Amino acid sequence: MKNSNEAIRVVIVDDDAGVRDMIASLIADAEGLQFVGAFSSCDDVLENMIDEIPDVVLMDINMPGRSGIECVEALRMEIPDLKILMLTNYSDDERIFDSLRAGAVGYLLKNSSIEKLSELIKEAHHGGAPMSGEIAQKVLAYFQGQKKNVKYTAALSDREQEVLRALTDGLSNKEIAAKLFISLPTVRFHLNNIYAKLHVNSRTEAVIKALQEKLA
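Before going into details, it helps to say that this report is about the structure given with it.

Rules used throughout
Residues numbered from 1 in each chain as written. Predicted model: local features only at pLDDT ≥ 70, side-chain atom pairs only at ≥ 80, totals over all residues. Heavy atoms only, no water. Pairing = 2+ DSSP bridges. Helix = DSSP H or I, 4+ residues; strand = E, 2+ residues; numbered from the N terminus. Axes fitted to C-alpha atoms, helices over the stretch in contact; angles between N-to-C directions. Buried < 20%, exposed > 50% of the residue type's maximum accessible area, 1.4 Å probe, protein only. Arc of directions from axis to C-beta. Parallel < 35°, antiparallel > 145°, perpendicular 65-115°, else oblique. Contact = heavy atoms within 4.5 Å. Nonpolar A, V, L, I, M, F, W, Y, C, P; charged D, E, K, R; others polar.

Strand pairing in a sheet takes place through backbone hydrogen bonds and is either antiparallel or parallel in direction. If you trace the 5 strands from one edge of the open sheet to the other, you get β2-β1-β3-β4-β5, paired in parallel fashion. The outermost strands of the open sheet, each flanked by one partner alone, are β2 (33–39) and β5 (106–109). Neighbour to neighbour, the strand axes of the sheet diverge by 25° on average, direction disregarded. Examined bridge by bridge, strand β3 (residues 56–60) and strand β4 (residues 83–88) share 5 bridges and lie parallel to one another.

This part is about helix α8 (residues 173–180). Residues N173, I176, A177 and L180 constitute the buried set of α8. Across the axial projection of α8, the buried residues extend over an arc of 100°, all falling on one side. Residues of α8 that are exposed and point over 90 degrees away from its buried face: K174 and A178. Looking one or two places after α8, you find F181, whose phi comes out positive at around 60°.

Turning next to unusual backbone geometry. With a phi angle near 60°, F181 is a residue other than glycine that sits in the positive phi range. Tracing the sequence through the fold places F181 in the loop between α8 and α9 (184–215). Taking relative accessible area as the criterion, F181 reaches 77% and is therefore assigned exposed.

The geometry of helix α3 (residues 68–78) relative to helix α4 (residues 93–102) is characterised by a closest axis approach of 9 Å and an angle of 10° between their N-to-C directions. It follows from the interaxial angle that α3 and α4 lie roughly parallel. Packed against α3, whose contacting residues are I69, V72, E73 and R76, the element α4 presents R95, D98, S99 and A102 at the interface. Across the contact of α3 with α4, the residue classes tally to 3 nonpolar, 1 polar and 4 charged.

As structure tokens, then:
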């Protein structure tokens, strides 16, 4: 197990060299983080990263060839426990949501401050699951639409729905804990369960779709 005093090892995947250099510089200046590599494409990272696995990967959503979303799926197939944060220039809710379903644990705006970058990387590394209110609304709607397929999918518990609704109201994790009379670690536990169910459902849907196409 990694020593808590060791720096969190971070890799960047982005086709823009300027972005890679900028974020690498921020990571190098951030306490508790260590920049260990940058890659320009999905194929590049898949071919060269596996020998030395980092703690957290920062992944661009839009890349030529295989997209960041496809790369998340491929990396999670190789390294199921890998923590991946999506990099984006704007709040592209639909693609961010698709990234979460593919296995990412959150997202980071490319123009984030060094403080925000450090905060989210550390939160992801320590098992956190950062989720904005806008994304929480999409997750809630997604699971509500899954009820007809409940036989094949993992449904949300009542408490998990309460946590998501609180997020959509703009509450922070600390405020959700106070509102629901639960601890902050319990809020994080529920968020992690929600992410896990998103991933399970996404894989289940892919299998069902493949079987339907095979039988068609």
